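# Structural overview for review
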Amino acid sequence: MRTLILSDLHLGNGGDYDIFCGSGALPALLDRFVDPPTRVIVNGDSMDFLLNEEPLELDVARAVQQAKAIASASPTIPTLEAFGRICKAGGEVLVRMGNHDVELALAEVRDVFRKSLQQPESVSQRMIFERGSEPHILTVGGARILVTHGEQDDPFNQVDYENLPGPGASGSAQAAHFKYSPGSLLVKEILNPLKRKHSMRFADLLKPDFQGAVLTALAVDPLAVRVALKGETLEIISGALQNLGEVSFEPSADELGMAFRLQDAGLTPEEVGLLIQQLTGAEEEVSFGLLPDVFSRMYLKLSKAGLKLYARAQRHLADDSGQQFFSYEPGDNEWNEARRLGEKYNAKAVITGHSHAARFREDQGLLYANTGTWIWLMRLPDEDASDDAWLEFLQDLKEDPKLKTPKNEAKLEKRFTPVTVEEKAGGGATVTLHTWDPSGGLHSVRSATVNGGNS
């Protein structure tokens with residue numbers, strides 16, 4: 001059976017926070033793989049349970065309600081029904097958990113999505129759910145291919161599998177003891193209110209760098225961030241600012257990861273004082289425009305610190321049309337993690353998601369691929385762009401946080417990049433990274449052969 005691997009769909013509930021942009025494209029892709037039967041692996045963050053204002057607690061009744069909202073949302077329904085057609089044709093849909101859909105560990109939630117396939121129970125059982133505490137190993141033509149979401153290498157988004165109930169859980173796992181990751185906390189307590197109350201649509205398009213999105217939001221409208229923050233979270237960030245230079249910030253010591261990012265910004269004591277004042281002082285003292293030189297420098301530093309990792313990921317390619325961006329070449333950290341996983345699990349190919357950036361590299365007997373995302377992406381200035389270019393970018397966001405003007409709409413990009421795995425005659429497997437556009441079809445971007453056995 002051939003295999004189609006996708007990740008980071010972020011299917012939402014049709015509300016204010018939704019970021020899925022493949023409502024037409026994804027069902028069309030899936031229908032191309034109905035015949036012959038296909039195994040579809042949805043490699044984490046398929047249904048997004050963070051796109052709401054509910055308390056961040058693993059509660060069965062609440063999770064079921066959220067699942068029903070996702071399953072009944074008009075952008076989601078066509079995709080779930082397409083999954084049903086895959087299953088009806090003799091294929092299967094394997095849904096692996098990521099850091100945005102841990103609720104899939106609950107049997108009641110899984111039942112909601114199986115019923116949404118609009119198929120008999122005998123067919124809907126071909127939608128299989130799998131926790132992400134261990135990678136999935138595909139054996140195709142004798143080749144071992146490792147599939148994992150990828151959050152295991154992200155300290156701010158690691159899932160508390162020790163306390164997550166469901167199939168494969170330890171006997172002591174209890175939903176009441178489960179603790180959501182700092183990244184999930186930031187989405188719920190900071191990014192969602194910024195998007196709804198202050199129209200900062202851009203904030204969630206910078207994922208997975210949540211801390212960077214918050215720093216950028218501080219640069220665009222500090223008062224909005226202050227209003228969005230809640231007691232303890234505001235204290236953490238204010239405390240981080242007050243102690244800059246005195247503490248060596250590490251992810252394990254910084255629950256939200258904000259101190260680590262703030263330190264990166266290189267703010268002067270004067271700028272730190274101004275930012276603290278904006279987060280804790282009177283509202284009339286908070287204004288984009290007071291002391292323009294000092295404020296402009298501070299905003300510029302915050303935005304560049306917040307966006308620099310994302311900007312690096314968007315290394316522009318020399319493309320005549322100017323439309324293609326994101327290098328397919330993984331960074332050193334990505335490649336080193338792929339090598340670690342390959343060696344640990346004796347796999348010759350490693351396929352991940354999570355970062356939202358499509359990747360492909362074959363080297364030293366290892367193939368690495370990342371399947372990208374099905375949400376909108378935002379085009380940024382080059383990392384080494386001039387200060388004037390960055391300030392203009394910030395001003396555009398401030399004047400149009402919903403990204404509705406033609407100038408800001410031009411910053412939005414979508415690129416659908418599924419991976420296929422097919423057995424080769426004589427042994428081994430062919431792994432291919434594609435781009436997909438319903439009007440233009442499925443195109444191979446890069447492809448490589450993974451040998452089977454010890455060859």
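My aim in this report is to walk through the structure given alongside it, one point at a time.

With that settled, consider the overall build of the protein. Within the protein, the regular secondary structure consists of 15 helices and 14 strands. Contacts in the protein between residues at least 24 apart in sequence constitute 71% of all its contacts with a sequence separation of at least 6. When the accessible surface of the protein is split by element, carbon and sulfur atoms take 46% of a total near 18300 Å².

With that settled, consider the side chain of Arg-96. By secondary structure assignment, the location of Arg-96 is in strand E3 (residues 92-96). We classify Arg-96 as buried; its relative accessible area is 0%. Reaching out from Arg-96, the side chain makes a polar contact with the side chain of Glu-130 at a distance of 2.5 Å.

Moving on to the pairing of strand E4 (residues 127-130). Of the two faces of E4, the one holding Met-127 and Phe-129 is buried and the one holding Ile-128 and Glu-130 is not buried anywhere. Where E3 lies against E4, four bridges are found, and the strand directions are parallel. For Val-95, the partnering residue across the bridge sits in E4 and is Phe-129.

One open sheet accounts for seven strands, arranged E4-E3-E2-E1-E12-E13-E14; its pairing is mixed. Strands at the two margins of the open sheet, each flanked by one partner only, are E4 and strand E14 (441-450). Strand-to-strand, the axes of this sheet are offset by a mean angle of 20 degrees, without reference to chain direction. As judged from the nine bridges shared by strand E13 (residues 429-437) and E14, these two strands associate in the antiparallel manner. Bridging across to E14, Thr-430 finds its partner in Thr-449. Where helix H3 (residues 77-88) meets the sheet, it contacts strand E2 (38-43), E3 and E4, and its direction lies at approximately 130 degrees from that of E3.

Pairing in this open sheet of five strands is mixed, and the strands run E5-E6-E7-E9-E8 from one edge to the other. Two strands in the sheet have a free side with no partner beyond their single neighbour: strand E5 (136-140) and strand E8 (359-363). Taken over all neighbouring pairs, the strand axes of this sheet differ in orientation by 15 degrees on average, direction set aside. The pairing of strand E7 (residues 349-352) with strand E9 (residues 366-370) spans four bridges and is parallel. When the bridges of E9 are listed, Val-350 appears paired with Tyr-368. Packed onto the sheet, helix H13 (residues 332-344) meets strand E6 (143-147), E7, E8 and E9 and runs at close to 125 degrees relative to E9.

Right, let's get into the pattern of salt bridges. Under the defined criterion, the tally for this structure stands at 14 salt bridges. Here Glu-57 ties to Arg-62 by a salt bridge, and the two come within 3.4 Å at their closest N and O atoms. The partner of Glu-334 in a salt bridge is Arg-359, with the nearest N and O atoms 3.1 Å apart. Highlighted residues: Glu-334 in helix H13 and Arg-359 in strand E8, separated in sequence by 25 residues. We classify Glu-334 as partly exposed; its relative accessible area is 22%. Its relative accessible area of 3% is what places Arg-359 among the buried residues.

The rules behind each value
- Throughout this description, residue numbers start from 1 for each chain and increase along the sequence as written.
- This being a predicted model, a pLDDT of at least 70 is required before a residue's local features are given, and a value of 80 or more before pairs of side-chain atoms are given or counted; all residues contribute to the totals for chains, interfaces and linings.
- Side-chain measures here rest on the full set of heavy atoms in the structure, leaving out hydrogens and waters.
- Helix and strand labels come from DSSP, where a helix needs a run of H or I of at least four residues and a strand needs a run of E of at least two; each type is numbered from the N terminus.
- Residue contacts are defined here by distance: any two heavy atoms, one from each residue, within 4.5 Å place the two residues in contact.
- Per-residue and other accessible areas follow the Shrake-Rupley method at a 1.4 Å probe size, with only the shown protein chains counted as cover for residues.
- Buried means the residue's accessible area, taken with a 1.4 Å probe over protein chains only, is under 20% of the maximum for its type, while exposed means over 50%, and partly exposed covers the values in between.
- Two N or O atoms count as a polar contact when they lie within 3.5 Å, although within protein this holds only if one can serve as hydrogen donor and the other as acceptor, and sequence-adjacent residues are included solely when both atoms are side-chain atoms.
- Only strands joined by at least two bridges in the DSSP assignment are considered to pair.
- Under this scheme, a helix contributes an axis fitted over its contacting stretch, all axes are lines through C-alpha atoms, and angles between N-to-C directions fall in the 0 to 180 degree range.
- Salt-bridge detection follows one rule: a side-chain nitrogen of Lys or Arg within 4 Å of a carboxyl oxygen of Asp or Glu.

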